[in-house]
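As a plain string of letters, each chain reads:
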Amino acid sequence: MELRHLRYFQVLAQTLNFTRAAELLHIAQPPLSRQIQQLEDELGVMLLERGRPLKLTDAGRFFHEHSTALLEQLNKVCDNTRRIGLGEKTWLGIGFAPSTLYGVLPELIRRLRSGEPLELELGLSEMTTLQQVQALKAGRIDIGFGRIRIDDPAIIQTVLTEDRLVAALPAGHPLLAGPISLRDLAKEPFVLYPGNPRPSYADHVIALFESYGVRIHVAQWTNELQTAIGLVGAGIGVTLVPASVQLVHRDDIGFTPLLEDNATSPIILSRRVGDVSPGLNHCLRMIDELLPQGS
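Residues numbered from 1 in each chain as written. Predicted model: local features only at pLDDT ≥ 70, side-chain atom pairs only at ≥ 80, totals over all residues. Heavy atoms only, no water.

The chain carries the name DNA-binding transcriptional regulator, LysR family in an unreviewed UniProt entry, which gives Pseudomonas mohnii as its organism. Quoted verbatim from the Sequence similarities (unreviewed entry) heading of the UniProt record, the comment on the chain is "Belongs to the LysR transcriptional regulatory family." (UniProt positions renumbered as here; feature names shortened; annotations may be inferred.)

**Brief notes about helix H2 (residues 18-25)**
The complete set of buried residues in H2 reads Phe-18, Ala-21, Ala-22 and Leu-25. The buried side chains of H2 occupy one side of the element, clustering within an arc of 100 degrees when seen end-on. The opening residue of H2, the one whose side-chain oxygen lies 2.9 Å from the backbone nitrogen of Thr-19, is Asn-17. Just downstream of H2 lies His-26, where phi reads positive at about 60 degrees. (Buried < 20%, exposed > 50% of the residue type's maximum accessible area, 1.4 Å probe, protein only. Helix = DSSP H or I, 4+ residues; strand = E, 2+ residues; numbered from the N terminus. Arc of directions from axis to C-beta. Polar contact = N/O pair within 3.5 Å; in protein donor to acceptor, adjacent residues only side chain to side chain.)

**Describing the UniProt feature "domain: HTH lysR-type" (unreviewed entry) in the chain**
Taking the numbering used here, the UniProt-annotated feature "domain: HTH lysR-type" (unreviewed entry) corresponds to residues 1-57. In residues 1-57, the share of helix is 63% and the share of strand is 7%. The end C-alpha atoms are 19 Å apart.

**Remarks on helix H3 (residues 29-43)**
Over its 15 residues, H3 runs 21 Å from end to end, which matches the ideal 21 Å to within 8%, given 1.5 Å per residue. Listed as buried for H3 are Leu-32, Gln-35, Ile-36, Leu-39 and Glu-40. Viewed end-on, H3 has its buried residues packed into an arc of 140 degrees, placing them on one side of the element. For H3, the exposed residues lying more than 90 degrees away from the buried face are Asp-41 and Glu-42. Just downstream of H3 lies Gly-44, where phi reads positive at about 80 degrees. (Expected span 1.5 Å × (residues − 1).)

**Side note on the pairing of strand S5 (residues 143-146)**
The side-chain alternation of S5 yields two buried faces, one formed by Ile-143 and Phe-145 and the other by Gly-144 and Gly-146. The pairing of strand S3 (residues 90-96) with S5 spans three bridges and is parallel. Along S5, the bridge assignment pairs Gly-95 with Gly-144. Across three bridges, S5 lies against strand S11 (residues 264-272) in antiparallel orientation. Looking at the pairing, Phe-145 lines up with Leu-269 of S11. (Pairing = 2+ DSSP bridges.)

In structure tokens form, the structure reads like this:
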């Protein structure tokens with residue numbers, strides 16, 4: 001299947017007339033018919049009922065709807081690629097750990113998308129800190145927001161803020177009367193995230209408990225924050241989350257503060273050493289406005 005097959009079918013599906021579609025495509029009718037037949041052979045189904053009038057089959061209607069969306073997206077990608085190549089627009093790839101979406105990142109994204117004073121095309125990718133470092137070095141993203149310190153000479157990391165951690169427990173749990181200590185919380189089964197890749201926020205949590213001489217029992221590993229919260233609500237165990245996650249309102253879980261002052265998790269900005277691109281510098285200025293105490 002080639003791109004022209006999709007474009008030819010799109011015009012034919014809109015006109016439902018081989019002669020008219022061929023005219024719009026500036027080709028003869030027989031080659032158009034052959035291209036549509038090749039497309040049907042590739043898919044193994046009939047896309048058209050070749051009667052009078054010409055009709056789309058159910059499969060044809062489905063293929064038309066979704067291939068139209070694909071072509072629209074492709075056209076947008078091509079247009080933005082040209083504009084970026086001509087310097088009319090700037091591309092900025094952002095990697096983020098899911099829990100950072102409860103902090104300053106949403107407001108930063110809104111400001112970056114405003115188009116003032118620099119028009120940016122944002123690429124947003126959910127990934128752990130370790131994945132962000134790999135993506136930065138490969139050039140897939142330009143800046144990352146995570147929670148783990150990584151020692152890599154090619155990467156600059158800056159702590160933007162320290163989030164207080166709170167315990168997430170099933171609704172009705174007696175420890176919700178808190179505040180509670182890490183030692184008391186360690187007696188509960190834990191839902192820990194993410195399981196992969198490592199090191200990750202999970203290692204930060206484990207190290208925090210070990211600094212007080214206690215170990216936690218992990219009843220369930222998961223890779224997603226939202227999944228972990230859902231499992232807590234189901235009574236599988238408890239977990240630690242940044243305090244900003246309390247913005248999530250659920251009837252099956254509750255949050256309680258911790259007694260320890262050092263029970264925190266940093267939001268860490270990661271970027272390439274020596275990167276002075278306009279998009280990144282614009283982003284860093286925005287962050288300075290939102291968090292004057294940051295980088």
